[in-house]
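Examining the three-dimensional arrangement
What follows is each chain in one-letter form.
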Amino acid sequence: MKNVLLVFTGGTIGSEASCGTIATSANAPYRLLQLFERQYPEHSQIDFTTIRPVQILSENITPGFWETLIKAIEAEQPERYDGIIVTHGTDTLAYTAAALSLYFHALNKPMLLVSSDRPLDHPEANGLKNFIAAVEFIRQRRETGVFVPYQNRGECTQIHLGSRLASSLQLSGDFISVQNKCYCHFENGVFSEPLITLKNKAAAAFDLKPDFAKRIALIRPYPGLNYTLFNLDGIDAVLHDLYHSGTACASMQRGADWSLLPFIERCRKQGIPVYLAPSIHSDSAYESTRELLEQGAEMLWNLSLECAYVKLLLAYGNFSEGGITSFIERNIAGEHVACAKSNSI
């Protein structure tokens, strides 16, 4: 018998479609268990303890949601269970996966986030398959950490490391891990061997509180981004997203308003650190990237954007200046992806 803590939070997997509108439903979570019992022959071998701390569509999530979710899980004493499953919407799945991965980095149980691309009663919904993969992971595997099982259309179910899950592809319901390297595959009831090797995780765990900073600004680059539009009052730090090659506009050719360089200087004068992500560390970098670093921006190497953002929120919510740097630099949940040609970290 496996004892599993099942945490319902809403999302599409906890919703119903009615009159052209998809909305969370008090009945939908238990519909998942009904479908599971019908299609899973060994359901009697699983003892679920269910809680529902929130009921929300994931696009409406704020960092306060993570604080509520974490406190609810901790109140249930996770060590009493063989594993934990959290149902969640797809829109912000990668961010919550990063938040739980980093916060519960010392947990010696598997925790899995389960989503669905459609409400469960839709004939093509993948939610039940994802849920079964999560249950089987708890039954069959011995790994600890946070994972996300998800079946893209026409593919087998992939098991993603929570700290490396990327947001869903645009105009699609599919998910991939950063660098398109998931942890393992699940097909016909069998898991593949791990496809990545996790090494060099921090030996000592950080003692964290579920406090996520509320004053970190995330800026996305695009052609014509005008930096004079940003008001920096009340901002503790800025995380600036980068194009796929680890770059952002560093040219003054069309004027200072569209260059990140003067914005970094403006932030420096106001005592606001500017962090950059994502980018893979290598011996060579584009000229524009080097100019940004020389201007004083700090690169968060080898992290997904989602994980970099959440890690900053936890860092600034838990530590002072020296502790912030130590926490950001340490690899605590397998979040540092491989460099060059290696699959290991």
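1. Digging into the pairing of strand β8 (residues 157–161)
A large share of β8 lies buried, amounting to five of its five residues. Across the two faces of β8 the burial is the same, with Thr157, Ile159 and Leu161 and Gln158 and His160 all buried. Linking two consecutive strands that pair antiparallel, namely strand β7 (residues 145–151) and β8, is a turn of five residues; a positive phi of about 75° is found at Gly154 within it. As paired elements, β8 and strand β9 (residues 184–187) share three bridges and run antiparallel to each other. Bridged to Gln158 within β9 is His185.

2. A word on the sheet that holds strand β1 (residues 2–7)
Note: strands within a sheet are paired through backbone hydrogen bonds, in either parallel or antiparallel orientation. With respect to topology, eight strands assemble into an open sheet ordered β4-β1-β5-β6-β7-β8-β9-β10, the strand pairing being mixed. Here the strands that pair on one side only, and so sit at the sheet edges, are β4 (46–51) and β10 (190–191). Summarising the sheet, strand β5 (residues 83–87) and strand β6 (residues 110–114) pair through four bridges and their orientation is parallel. Counterpart to Val86 in the pairing with β6 is Leu113. On the sheet, helix α1 (residues 28–39) packs against β1, β4 and β5 and is oriented at approximately 170° with respect to β4.

3. Re the side chain of Asn130
Looking at where Asn130 falls in the secondary structure, it is placed in helix α4 (residues 127–140). Judged by its relative accessible area of 0%, Asn130 falls in the buried class. Here Asn130 is in contact with Val114, Ser115, Pro149, Tyr150, Gln151 and Thr157, once residues within four sequence places are set aside.

4. Comments concerning the confidence of the model for the protein chain
In the predicted model, the protein chain carries a mean pLDDT of 93, and the fraction of residues at 70 or more is 96%. Confidence drops under a pLDDT of 50 for residues 341–345, and excluding neighbours within four residues, the segment shows 19 contacts in the predicted structure.

5. Let's talk about the layout of surface pockets
Considered as a void within the structure, the largest pocket measures approximately 910 Å³ in volume. What lines the largest pocket is a set of 35 residues, and nearest its centre among them are Val178, Leu242, His244, Pro278 and Leu305. Contributions of two or more residues to the lining of the largest pocket are made by α6 (287–294) and α7 (305–318). Sort the elements by how many residues they give to the lining of the largest pocket and α6 lands first, with three residues. Residues belonging to the lining of the largest pocket are distributed by class as follows: 15 nonpolar, 16 polar and four charged.

6. Re the packing of aromatic side chains
Across all of its chains, the model carries 20 aromatic pairs by this definition. Between the aromatic rings of Phe36 and Phe48, the centroid separation amounts to 5.6 Å while the plane-to-plane angle is 75°, which identifies the pairing as edge-to-face. Placement of the pair is Phe36 in helix α1 and Phe48 in strand β4, with a sequence separation of 12 residues. Arranged with centres 4.8 Å apart and planes meeting at 70°, the rings of Tyr150 and Phe175 form a pair that is edge-to-face. Taken as a pair, Tyr150 in strand β7 and Phe175 in the loop between β8 and β9 lie far apart in primary sequence, 25 residues in all. Pair check on accessibility: Tyr150 and Phe175 agree, each one buried. An aromatic cluster is defined as three or more aromatic residues linked by ring pairs; in this entry it consists of Phe137, Phe147, Tyr183, Phe186 and Phe191.

Here is what the cut-offs are and how they apply
Residues numbered from 1 in each chain as written. Predicted model: local features only at pLDDT ≥ 70, side-chain atom pairs only at ≥ 80, totals over all residues. Heavy atoms only, no water. Buried < 20%, exposed > 50% of the residue type's maximum accessible area, 1.4 Å probe, protein only. Helix = DSSP H or I, 4+ residues; strand = E, 2+ residues; numbered from the N terminus. Pairing = 2+ DSSP bridges. Contact = heavy atoms within 4.5 Å. Axes fitted to C-alpha atoms, helices over the stretch in contact; angles between N-to-C directions. pLDDT = per-residue confidence, 0-100. 1 Å grid on protein atoms, 1.4 Å probe; cavity = no way out; pocket = protein on both sides within 12 Å on 5 of 7 lines; lining within 4 Å. Points joined across faces, edges and corners; volume = space filled by probe spheres on them. Nonpolar A, V, L, I, M, F, W, Y, C, P; charged D, E, K, R; others polar. Phe/Tyr/Trp six-rings, centres within 6.5 Å; stacked < 30°, edge-to-face > 60°.

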